[in-house]
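Below are the chains, spelled out letter by letter.
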Amino acid sequence: MGDFKEGEKIHGFIRNQKLDINVQVCNALIDMYAKCGFVDKAYGVFDNMGCRKCLVTWNTMIMAFARDGDGHKALKLFEQMEKAGVQPDVVTYLAVLSACNHAGLVEDGVRLFNTMGKHEMKPNVKHYGSLVDLLGRAGRLKGAYNLINSMSMVPDVVLWQSLLGACRIKDVEMAEIALRKLVEMGSNNCGDFVLLSDIYVAHERWNDVGRVRDAMKNREVKKVPGFSYMEVDGSRHKFFTGDKSNARWKEIYSKLDEIRFKIKELGYVAETSCVLHDIREEEKENQLCYHSEKLAVPRVSFGLVNGNL
């Protein structure tokens, strides 16, 4: 639930009852603080455990840094773990590869992936998926494609979806290959078709855009609107794309506009090439701002309006 206040209350109870000597309890605390966005507090619990740390403790803290996008701290902790004589497992490598992925540390990610054999571990499909995503985000699409083809196991849907997502705007041919693979595997995810359609839009291949839309209709693929939640004072609030159902929607979007202006001052430029409609640039930016992919921002602005963040 990401309920930091309740989690902190439970932590207080744990301290009072001296339950923080239990390794499993401490691991759960690290995980709770990290998932609530308080990585410094998670590290405080981790640091206070001293020599009582187990493999799960190290894995949980490395993953906490990974989720926070701090790949360098995750890598440093991984090195400390090895120096402490704790042998990593497949979960450790998944966590540290995830950290490299979030931070865009391509060379570190490739190096770590290649050293799994040093610990007599074979990468599983999740490790491959993380590296494919990392290479794809860095624009190394051919390398990602070759990695998928080099696998001894059968690639899953997620791997091809990662490659398709990485092709956004850049590589039409590779995107078509990825979608073809997904269709062959029986995937009927609307997001896959929409992604290919967006790539065609970026290259102004309007006939192909229409062809993808027709294929979606023929296959009865429907786009499910995204949404997000936030709990305030015991009530759960739900947000849809361009949603105005909340009683305080004017305040929410006013705060959202304030955030937009501030990030533009810091150099943010909206990527408008994938907006389907032939409209002015400013209108394209407004569309993107209230798009489902930005749903987290209205949710955060609602939290700011209510003083919960």
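Structure first, text after, so check above.
In this text the structure is predicted, and so the values were computed from the model without any measurement.

*Asks:* Explain the overall build of the chain here, please?
*Replies:* Tallying secondary structure elements over the chain gives 16 helices and 2 strands in all. Of all intrachain contacts in the chain linking residues separated by at least 6 positions in sequence, the fraction that spans at least 24 positions is 59%.

*Asks:* Please explain the nonpolar core as it appears in this structure.
*Replies:* Across soluble globular proteins, nonpolar side chains have a tendency to be buried as a group. If you look at the biggest cluster of nonpolar residues, it comprises 73 residues, and the most contacted ones within it are Met61, Ile62, Leu112 and Leu163. When residues in this core are grouped by element, the largest group, 8 residues, is from helix 12 (residues 190-202). Residues in contact with Leu112, not counting those within four places in the same chain, are Leu75, Phe78, Tyr93, Val96, Leu97 and Cys100.

*Asks:* Help me out: how do you make sense of the pattern of salt bridges in this one?
*Replies:* Should the charged atoms of two oppositely charged side chains come close, the side chains can pair. Scanning the entire structure with this criterion turns up 11 salt bridges. Measuring nitrogen to oxygen at the nearest pair gives 3.9 Å for the salt bridge that ties Asp70 to Lys73. Lys73 sits in the partly exposed class, given a relative accessible area of 45%. Residues Lys262 and Glu258 are paired through a salt bridge, measuring 3.2 Å at the closest nitrogen-oxygen approach. Of this pair, Lys262 and Glu258 both sit in helix 14 (residues 249-265), 4 residues apart, which is roughly one turn of that helix. A relative accessible area of 47% means that Lys262 is categorised as partly exposed. Where salt bridges share partners, they join Glu176, Arg205, Asp208 and Arg211 into one cluster.

*Asks:* I tried to follow unusual backbone geometry on my own but got confused; where do I start?
*Replies:* Note: most residues except glycine have negative phi, and most peptide bonds are trans. Although it is not a glycine, Lys18 sits at a positive phi angle of roughly 55 degrees. Mapped onto the secondary structure, Lys18 falls in the loop between helix 1 (4-16) and helix 2 (23-35). On the accessibility criterion, Lys18 (60% relative accessible area) is exposed.

*Asks:* Honestly, helix 11 (residues 172-184) in this entry has me stumped. Any pointers?
*Replies:* Over its 13 residues, helix 11 extends 18 Å from the first C-alpha to the last, a length consistent with the 18 Å expected when each residue adds 1.5 Å. When helix 11 is considered as a whole, its buried residues turn out to be Val172, Met174, Ala175, Ile177, Ala178, Leu179 and Leu182. Against the buried residues of helix 11 lie helix 9 (141-150), helix 10 (157-166) and helix 12. The positive-phi residue at the C-terminal boundary of helix 11 is Gly186, with phi of around 90 degrees.

Procedures and definitions
- Numbers given for residues are sequential positions, taken from 1 along each chain in its written order.
- Local features in a predicted model are, by the rule used here, given only for residues with pLDDT of at least 70; side-chain atom pairs are given and counted only at 80 or more, and totals for whole chains, interfaces and linings are based on all residues.
- Each side-chain value is worked out from all heavy atoms of the structure, with water and hydrogens disregarded.
- Under the scheme used here, helices are H or I runs from DSSP no shorter than 4 residues and strands are E runs no shorter than 2 residues, and both carry numbers assigned from the N terminus.
- In what follows, residue pairs with any heavy atoms lying within 4.5 Å of each other are defined as contacts.
- The nonpolar core is taken to be a set of buried Ala, Val, Leu, Ile, Met, Phe, Trp, Tyr and Cys residues, with the residues joined through side-chain atoms within 4.5 Å.
- Per-residue accessibility, obtained with a 1.4 Å probe over protein chains only, is compared with the maximum for each type, and a residue is labelled buried under 20%, exposed over 50%, and partly exposed between these values.
- Salt bridges, as used here, are contacts in which a Lys or Arg side-chain nitrogen is within 4 Å of a carboxyl oxygen on Asp or Glu.
- Expected helix span is given by 1.5 Å per residue-to-residue step, counting one fewer step than there are residues.

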